[in-house]
Amino acid sequence: MREISYRQALNEAMEEEMMRDPDVFLIGEEVAEYNGAYKVSQGLLEKFGPKRVLDTPISEAGFAGLGIGAAMVGLRPIVEFMTFSFSLVAFDQVVNNAPNMLTMSGGQFNIPIVFRGPNGPAHQLGATHSHATEPLYSNFPGLKVAVPATPRDAKGLLKTAIRDDNPVLVLESELLYNIAGPIEDKEVELLIPLGKAELKREGVDVTIICYAQTVRMALAAAEYLAKQGIQAEVLDLRSIKPLDRETIISSVSKTHRCVIAEQNKPFCGIGAEIAFQVQREIFDELDAPVLRVAQEEVPMPYNERLEAAVLPSQEKIIEAVYQVCYL
Amino acid sequence: MPATIPVEKDATKLPGLERELHLLYQMLLIRRFEERASQAYQQQKIGGFCHLYIGQEAVAVGALAAAREDDYVITAYRDHAHVIARGASLNACMTELLGKPTGCSRGLGGSMHFFDRANHMYGGHAIVGGHLPLASGLAFASKYRGEDRCTLCFLGDGAINQGAFHEAFNLSALWKLPVAFICENNLFGMGTHVARAASVKEVATRAKGYDMPSMIADGMDVRHMRDTVYTALQAMRKKPHPFFIEARTYRYRGHSMSDPATYRTKEELEKYKQEDPIADFKAILLSEGKLDETKFQELDREAKRLSAEAMRFAEESSELPLEDLHKYTFVDGADR
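Below you will find a few notes about this structure.

1. Quick look at the nonpolar core
If you look at the biggest cluster of nonpolar residues, it comprises 159 residues, and the most contacted ones within it are Phe115 of chain A together with Phe140 and Phe181 of chain B. Looking at this core, the element that brings in the most residues is helix α1 (residues 16–42) of chain B, giving 12 residues. Three or more residues apiece are contributed to this core by two domains, here domain 1 (2–183) and domain 2 (198–324) of chain A. When residues no more than four places from it in sequence are discounted, the contact partners of Phe115 of chain A are Ala64, Ile68, Val79, Phe81, Phe84, Val94, Ala98, Val168, Leu169 and Val170 of chain A. Among the nonpolar cores identified, the runner-up in size contains 31 residues, and Met14, Ala32, Phe48 and Leu158 of chain A belong to it.

Spelled out as structure tokens, the structure:
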């Protein structure tokens, strides 16, 4: 085992898949000569040349759609959005053309494409640059949505996404790019299936369901709670779609209490769906109503103190755990 | 020419006279198919939106007669003609309108989403302008693979004011992608005249902002359409770059089946009906001695017969089983 950063893990995933398959190419703003706005594509232009690593103009709808068109005839584009907040400019391409094509064509055209880039709030970027888009994209059948939280998951999920024959969104996080974590050696082919959650920490008293940015908060909360005598289980979804219902149900059946820590707005958010699934499947197993820790329901303020108040946090998760444990 | 004429996928390979008759026959096929579809729509056999191409036949038929069999073709939602001209059977097209699994999109696409992979027909697309970036992507793929095939992308005049149009034009010109954007300027984006929608007087002018070559074609003249597009494609094959062609045409029906088209005068409609692409081309062929009335009637009867036969086939086709509902959402696990 070695340690690499989340950024490096994504870079390795792209490098390995581009080595493996000449049909894979990368397009997006600043991905080539600038080496990526967040340096995720560092060195790829040098390795693969301008035919396969292409800087685009600032035309999200244009290059997202171009990727989909190329995928219709069998190429396997990786489309980087500088942030998923900008993917909203390409929303029609991502939610109409990518996931609908297979159905609309009666099964004639699948779209093997990956849309990737940072998603969710970063630090004081204000309302337009802080969107957590996972509830939006999870609402469209035909799209798969991965939300890696660790370097290992980032690499394994992105590699799987590139090999998937369907459109997959890999929602990364600017706040995680610098985080290091253990990962297999480069020689090991690391593929992590979409739709498989992972227990990041085992426990018996409460299940904290989390993904992407909230995994670190949940782990820190569990660490703190352990000292209070509460053994929290931390379940990292890793993919929102497909959703690993089985692992969710089995964990909550064991702990009987559930807190969902999500990075998006609560209304029609990921937690709303999971809470529904849990009560639908194991109503009788629950010892307390499911609680959600999410953003406050406001456009993101720039002010640092207010932003912190909007975001989910370790403290808010701990507070929710106390509530479901009636403490 | 025999009574049943297969739609030739690569009309450039036909000998001269047959090639010309073939153009006429394809226009007749499309016209008679849509007249039959129009009746069926009124009888509520067809659901959803249905946009007829009647009046514009010379555009698709002429342009596609200039294309190679392996060229990529993509269009907007007024798509019946392009799919038929590309070689799909009337049976598959009519059945699609009735929403059944023997349709060209297995009844899952409908009028606005005709697809035909075997004939390199990459769809009817129903968000105005949304398919232009896809066309750039198709052309990108052929350039990526070092192929000399071109992409033909049809669009309406309404699309030229969409953001996706401008992004696709810029990207295609910037990256020198071999895509011919063929704007079917029928003067109206639904009920809004092009002059009330576009800042430019001439649609073709749009290309100038992207340093893209452009041409204006008479979209009521099938030969002129064919020759214009052929010229563009030849240039593009030699050296990949995009091309913009404005085809000036007119639709005789409303925007869709539900549109009575009250935004235009009877006089205007009558004026354009005097330029009917089928009647005009028939007259030309008659005058050149390439066609006689008997032959014309024979072709027209065949087009009507195939349209009626297609409707019978469609009505007799079975429904998609409900168990197949989830079969086409994702590729894996789906029994394609």
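2. Here we look at the interface of chain B and chain A
Of the residues lining the interface, 36 residues belong to chain B; the matching set on chain A comes to 46 residues. Scanning the region where chain B abuts chain A turns up 0 salt bridges. Across the chain B-chain A interface, the total number found is 16 residue pairs in polar contact (both at pLDDT 80 or more). Counting only elements with at least two residues in the side of chain B that touches chain A, the list comes to β2 (121–124), α5 (132–144) and α6 (163–174) of chain B. Residues that form the side of chain B that touches chain A fall into these classes: 20 nonpolar, 9 polar and 7 charged.

3. Quick word on the environment of Glu46 of chain A
Here Glu46 of chain A shows up in helix α2 (residues 44–48). Distance in space between the C-alpha atoms of Glu46 of chain A and Met104 of chain A is 39 Å, their sequence separation being 58 residues.

4. Here's the deal with helix α12 (residues 314–324) of chain A
Residue and element names in this part refer to chain A. Looking only at α12, the buried set comprises Ile317, Ile318, Ala320, Val321, Tyr322 and Val324. Of the surrounding secondary structure, the elements contacted by the buried residues of α12 are β10 (206–210), α8 (213–227), β13 (258–261) and β14 (291–293). Just downstream of α12 lies Tyr326, where phi reads positive at about 55 degrees.

5. Description of the sheet that holds β13 of chain A
Strand pairs in the sheet, formed through backbone hydrogen bonds, run parallel or antiparallel to each other. All names here are of chain A. Within the open sheet, the 5 strands sit side by side as β9-β11-β10-β13-β14. Their pairing is mixed. Lying at the two open borders of the sheet, with one neighbouring strand each, are β9 (198–201) and β14. In this sheet, neighbouring strand axes are inclined to one another by 25 degrees on average, regardless of whether the strands run parallel or antiparallel.

6. Considerations on the pattern of salt bridges
All names here are of chain A. Going through the model one piece at a time under the given rule, you end up with 48 salt bridges over all chains. Across the pair Glu12 and Lys155 runs a salt bridge whose closest N-O atoms are separated by 2.8 Å. Placement of the pair is Glu12 in helix α1 (residues 6–20) and Lys155 in helix α7 (residues 151–163), with a sequence separation of 143 residues. Like Glu12, the residue Lys155 is buried in the burial classification.

Reading guide: rules and limits
- Residues numbered from 1 in each chain as written.
- Chains lettered and ligands numbered in written order.
- Predicted model: local features only at pLDDT ≥ 70, side-chain atom pairs only at ≥ 80, totals over all residues.
- Heavy atoms only, no water.
- Core = buried A, V, L, I, M, F, W, Y, C linked by side-chain atoms within 4.5 Å.
- Buried < 20%, exposed > 50% of the residue type's maximum accessible area, 1.4 Å probe, protein only.
- Helix = DSSP H or I, 4+ residues; strand = E, 2+ residues; numbered from the N terminus.
- Domains from an automatic or database assignment.
- Contact = heavy atoms within 4.5 Å.
- Salt bridge = Lys/Arg side-chain N within 4 Å of Asp/Glu carboxyl O.
- Polar contact = N/O pair within 3.5 Å; in protein donor to acceptor, adjacent residues only side chain to side chain.
- Nonpolar A, V, L, I, M, F, W, Y, C, P; charged D, E, K, R; others polar.
- Pairing = 2+ DSSP bridges.
- Axes fitted to C-alpha atoms, helices over the stretch in contact; angles between N-to-C directions.

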